[in-house]
Amino acid sequence: MDQDERQLHASSFGAVADAYAAHRPDYARAAVRWALEPAPGPRVLDLGAGTGKLTATLVVLGAEVIAVEPDTGMRTELRRSLPGVRALPGSAEAIPLPDASVDAVLAGNAMHWFDMATAGPEIARVLAPDGVLAGLWNLMDDQVEWVAALARVGGDAAVGSRDTPAAWRAETAAMHLPGDGTAARFGWPRQAEFPHGQRRTADSLVATLATRAGMLVMPEPERDATLARIHAFLATRPETARGEFTLPMRTGVLRVRRL
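So, how was this worked out
Residues numbered from 1 in each chain as written. Predicted model: local features only at pLDDT ≥ 70, side-chain atom pairs only at ≥ 80, totals over all residues. Heavy atoms only, no water. Helix = DSSP H or I, 4+ residues; strand = E, 2+ residues; numbered from the N terminus. Rg over C-alpha atoms; globule rule 2.2 N^0.38 Å. Buried < 20%, exposed > 50% of the residue type's maximum accessible area, 1.4 Å probe, protein only. Areas by Shrake-Rupley, 256 points an atom, 1.4 Å probe, with all protein chains shown as cover. Lys, Arg positive; Asp, Glu negative; His and termini not counted. Charge placed at Lys NZ, Arg CZ, Asp CG, Glu CD. Core = buried A, V, L, I, M, F, W, Y, C linked by side-chain atoms within 4.5 Å. Contact = heavy atoms within 4.5 Å. Right-handed = clockwise from strand over helix to strand, strands pointing away. Pairing = 2+ DSSP bridges. Salt bridge = Lys/Arg side-chain N within 4 Å of Asp/Glu carboxyl O. Polar contact = N/O pair within 3.5 Å; in protein donor to acceptor, adjacent residues only side chain to side chain. Axes fitted to C-alpha atoms, helices over the stretch in contact; angles between N-to-C directions. Parallel < 35°, antiparallel > 145°, perpendicular 65-115°, else oblique. Left-handed = near helix turned anticlockwise from the far one by under 90°. Nonpolar A, V, L, I, M, F, W, Y, C, P; charged D, E, K, R; others polar.

**Student:** Just give me the short version of the overall build of the protein chain, but keep the residues and values in it.
**Tutor:** Each helix and strand in the protein chain was counted, giving 11 helices and 7 strands. Against the 2.2 N^0.38 benchmark of 18 Å for 259 residues, the protein chain shows a C-alpha radius of gyration of 18 Å, consistent with a compact globule. For the protein chain, buried positions account for 54% of its 259 residues. Counting only carbon and sulfur atoms, one obtains 52% of the accessible surface of the protein chain, whose full area is about 11,200 Å². Between the centroid of the 27 positive side chains of the protein chain and the centroid of its 31 negative side chains there is a distance of 6 Å.

What follows is the structure, given as structure tokens:
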């Protein structure tokens, strides 16, 4: 994906901020605790915070949270649902915080949109010495047969390689690196996965998949056809055809320390 295409995908969520807030899952608390484990203090920046899915978990865990989100629609949803959280306009490449002002920077399903050649030095700037950077991704557990079949039916736009445990480690292992040959600002990465799940119906799972960037940038006829195909598949499966079910998930974490 080139820079223009990445920007198109990254900026696609604002128009569906209410649906994103309603249907995207939170993050496994054990995963967030692990991400924060080596942090030298409680001050946490949720970077690319979206509508506050990760922010809310950080609040529950007692972190001192600041949220930074570039999209006005997403930020409005965050402020509505979490009025006690300081939510600022900004981006990974231009963080509106002073030097060494946070102990950890976390990014929930957002780090893949960062231009780390610029964002890496910015994140290192706002981190305290020995501070932590962690990216978290909610993964659909394709080790479960019907989830693997759903991924095949939906295609990459609905369930991409980074969205499944089978491939997320390789996809994200170097995501903290600048990618332009300059020196890394962070140490050796560690990765871990944690069990998670989300209560869904066939309708609400289709609505969730409709908020994926690949789906949002599709031409409308193609998107409608893809969502109809997914809905038809879910209607044929005993696991998903009747009422609520738990979507098997895992939360994957990439964690590094500031050098």
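**Student:** Can you break down the nonpolar core residue by residue, with the values?
**Tutor:** In terms of nonpolar packing, the biggest core is built from 28 residues, with Leu45, Leu47, Val105, Phe114 and Ile123 touching the most fellow members. Only strand S1 (43-47), strand S2 (64-68), strand S4 (102-108), helix H6 (116-126), strand S5 (127-140) and strand S7 (245-257) provide two or more residues apiece to this core. When residues of this core are assigned to their parent elements, the largest contribution, 5 residues, is made by H6. Setting aside anything within four residues of it in sequence, one finds Ile123 in contact with Leu47, Ile95, Val105, Phe114, Met116, Leu133 and Phe186. Of all hydrophobic cores here, the second largest spans 22 residues; its members include Met140, Val147, Leu150 and Leu209.

**Student:** Go over the pairing of S5 with me, naming the residues and quoting the values.
**Tutor:** Burial within S5 is extensive, with 12 of its 14 residues counted as buried. For the crossover from S4 across H6 to S5, the handedness is right-handed. Here S5 runs beside S7; their pairing, made up of 9 bridges, is antiparallel. Across the sheet, Trp137 pairs through a bridge with Gly252, a residue of S7.

**Student:** Give a detailed account of the side chain of Asp46, specifying residues and quantitative values.
**Tutor:** Residue position: Asp46 is located in strand S1. For the buried Asp46, no salt bridge exists, and the shortest N-O distance to an oppositely charged side chain is 12 Å, to Lys53. In this structure the side chain of Asp46 is engaged in a polar contact, spanning 2.5 Å, whose partner is the side chain of Thr55. Contact partners of Asp46, with chain neighbours within four places excluded, come to Leu54, Thr55, Leu58, Val65, Ile66, Ala67, Val68, Leu106 and Gly108.

**Student:** Residues and numbers for the packing of helix H7 (residues 145-154) against helix H11 (residues 220-236), please.
**Tutor:** Two elements in contact, H7 and H11, have axes whose closest approach is 9 Å; the angle formed by their N-to-C orientations is 155 degrees. Judged on the interaxial angle alone, H11 and H7 are roughly antiparallel. Note on packing geometry: the crossing formed by H7 with H11 is right-handed. On H11, the residues that touch Trp146, Ala149, Leu150, Val153 and Gly154 of H7 are Thr226, Arg229, Ile230, Phe233 and Leu234.

**Student:** Pulling in residues and values, what's your account of the packing of helix H3 (residues 29-36) against helix H4 (residues 53-60)?
**Tutor:** Direction vectors running N to C along H3 and H4 enclose 75 degrees, while the axes themselves pass 10 Å from each other. Here H3 is positioned roughly perpendicular relative to H4, judged by the angle of their axes. Contact residues: H3 offers Arg29, Val32 and Leu36, while H4 offers Leu54, Thr57, Leu58 and Val60. The residue makeup of the contact of H3 with H4, split by class, is 5 nonpolar, 1 polar and 1 charged.

**Student:** With reference to specific residues and values, describe H7.
**Tutor:** With 7 of its 10 residues buried, H7 lies for the most part within the structure. Residues Trp146, Val147, Ala148, Ala149, Leu150, Ala151 and Gly154 constitute the buried set of H7. The secondary structure elements touched by the buried residues of H7 are S5, helix H9 (202-209), H11 and S7. Positive backbone phi, approximately 80 degrees, marks Gly155, located one or two places after H7.

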